[in-house]
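Residues per chain, in single letters:
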Amino acid sequence: MSCPEPGFFKEIVTTIENANKYLSLPKSVIDRLSTPRRSLIVSVPVKMDDGRIEFFKGYRVQYDFARGPAKGGIRYHPRVNLDEITALAALMTLKCAVVDIPFGGAKGGVECDPTAMSRDEIERLTRRYTYEIAILIGPETDIPAPDVYTDEQVMAWMMDTYSMMKGYPVPSIVTGKPVSLGGSLGRARATSTGLVTTVIEALKHLNMPLEGLTVTVLGFGKVGYHAAKILHDKGAKVIGLADSKGAIYNRRGLDIDAVSSHKKSTGSLSGFKESEDLSIDELLAVECDCLVPAALEGQINSKNAGSIKTRIMAEGANNPATLEADEVLKDKGVFLLPGVLANAGGVVVSYFEWVQDLQRFFWNESEIDSRLRSIMTKAFEEVLQISLEKKIDMRTAAMTLGVKRVAEAVMIRGLYP
Ligand code: GLU
């Protein structure tokens, strides 16, 4: 996948300023919303399997607390840096506000290549990183969760490390844990369940049927896989899939389970027997009804946006399109489901998980799914309403709603001291 264009955080600030054209908030409030509250950089020494000690750079940015404790995932990736983590923490703040859950925003990460590390090395990295950021995180202050290349097991190690430091179990310190440790049912596919809910609402609005809807999904990690699978099971036709190495295409539709077993046994999508191998840019140029970018930010950029032929774009990833790409897609009339809305299902079920851990009382899967659907549907309707009323695109509308809610909390709390 291509790298994001430079200045990711600057792009988010520009989006916040654009949203303020429809809110006219005082400059002091916009300045506050454009500044992270706390940023921690840590050095994470790890004993590697060959006995060497390697030093990794870790981050945790707590962007804003106005509406509640900070919340957001931890990513392990070679591209992690302070600019990216700050931008993603700002997006978490706005995302939690768009779906109206009582959290601020945070993000963390370690600059490393987890694909080149053993499970033991990743465990030692996770435990030392958790120890280093323990001065900031806590169930009442900042609750981490999975993100790119971190999973349930990583969350279990974080929970264990924090609990050992405290001397008693603290399940509410992280979300996205295994169910056996206080994780929530439905959390693993929550981002995709939420995304599909917003796609279905968009289809109703656009008067398009779900049956036979042609879908292309970029990214075959947790979000991409579950999105493809749920859409396929509901009658859509997933015609294209891509991972970081390449893409596959079949106009008649791909069998998601068969593709998944192929990827498990060969390590990549390419070479799947009932499909044609394409490059990612070639797949992007294939006509479809719904495109789901679900890998990293900057995936849709000025170089490839022009060739995209889709009616709907549902962002499974955080900010997969650059501002320039956004303009191109807007001119083409693509109906956008922005990440702060479309991929918010993950943090919504994280919220449910945190609530269940705090009250030590657990809900069943259908309760989780129906609460998730109702939050996502309400958020979609609110964003659409703003978009129609103010005649603005869905991204600006979602940002307007998020900025308005955070600003309200900032203003009513006032400035300390
Ligand atoms: N990493 C996910 C996101 O970007 C989930 C965050 C969370 O559950 O706290 O929304």
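Residue numbers run consecutively from 1 along every chain, following the written order of its sequence. Since the coordinates come from a predicted model, pLDDT governs what is reported: local features require at least 70, and pairs of side-chain atoms require 80 or more to be given and counted, while whole-chain, interface and lining totals use all residues. Note that water and hydrogens are dropped before the side-chain values are worked out from all heavy atoms of the structure.

Close to the ligand lie 14 residues, the nearest being Lys-71, Lys-95, Pro-146, Asp-147 and Ser-350. The definition of a polar contact used here is a pair of N or O atoms within 3.5 Å, where within protein one atom must be able to donate a hydrogen and the other to accept one, and adjacent residues in sequence count solely through side-chain atom pairs. One of the side-chain N or O atoms of Lys-107 is found 3.1 Å from an oxygen atom in the ligand. Pro-146 has a polar backbone atom sitting 2.9 Å from a nitrogen atom of the ligand. Under the convention used here, a 1.4 Å probe and the Shrake-Rupley method define accessible areas, while residue burial counts only the protein chains that appear. Coverage of the ligand by the protein chains reaches 94% of its 290 Å² of free accessible surface. Only DSSP runs of H or I with at least four residues qualify as helices, and only runs of E with at least two residues qualify as strands; both kinds are numbered from the N terminus onward. Every element with two or more residues in the shell around the ligand is listed here: strand 3 (70-77), helix 3 (82-98), strand 5 (142-146) and helix 12 (345-359). Whether a residue is near a molecule or strand depends on its heavy atoms: if one lies within 4 Å, it is near.

For two strands to be treated as a pair, DSSP must find no fewer than two bridges joining them. Taken in spatial order, the 7 strands line up as 9-8-7-6-10-11-12 in an open sheet, and their pairing is mixed. Both outer strands of the open sheet, strand 9 (276-278) and strand 12 (335-337), are each paired with one neighbouring strand and no more. Neighbour-to-neighbour, the strand axes of the sheet open up by a mean angle of 20 degrees, direction not taken into account. In this description, a line fitted to the C-alpha atoms serves as the axis of each element, helices being fitted only across the stretch in contact, and the angle between N-to-C directions of two axes falls anywhere from 0 to 180 degrees.

This paragraph deals with helix 5 (residues 152-166). For helix 5, spanning 15 residues, the distance from its first C-alpha to its last is 21 Å, which sits close to the expected 21 Å at 1.5 Å a residue. Buried residues are those whose accessible area, probed at 1.4 Å on protein chains only, stays under 20% of the maximum for their type, while exposed residues exceed 50% and partly exposed ones sit between those limits. Of all the positions in helix 5, only Val-154, Met-155, Ala-156, Trp-157, Met-158, Met-159, Thr-161, Tyr-162 and Ser-163 are classed as buried. The contact criterion used is simple: two residues touch if any of their non-hydrogen atoms lie within 4.5 Å. For helix 5, the secondary structure elements touched by its buried residues are strand 3, helix 4 (119-133) and strand 5. Looking at the residues trailing helix 5, positive phi occurs at Gly-167, about 95 degrees. Every helix has an expected span of 1.5 Å times one less than the residues it contains.

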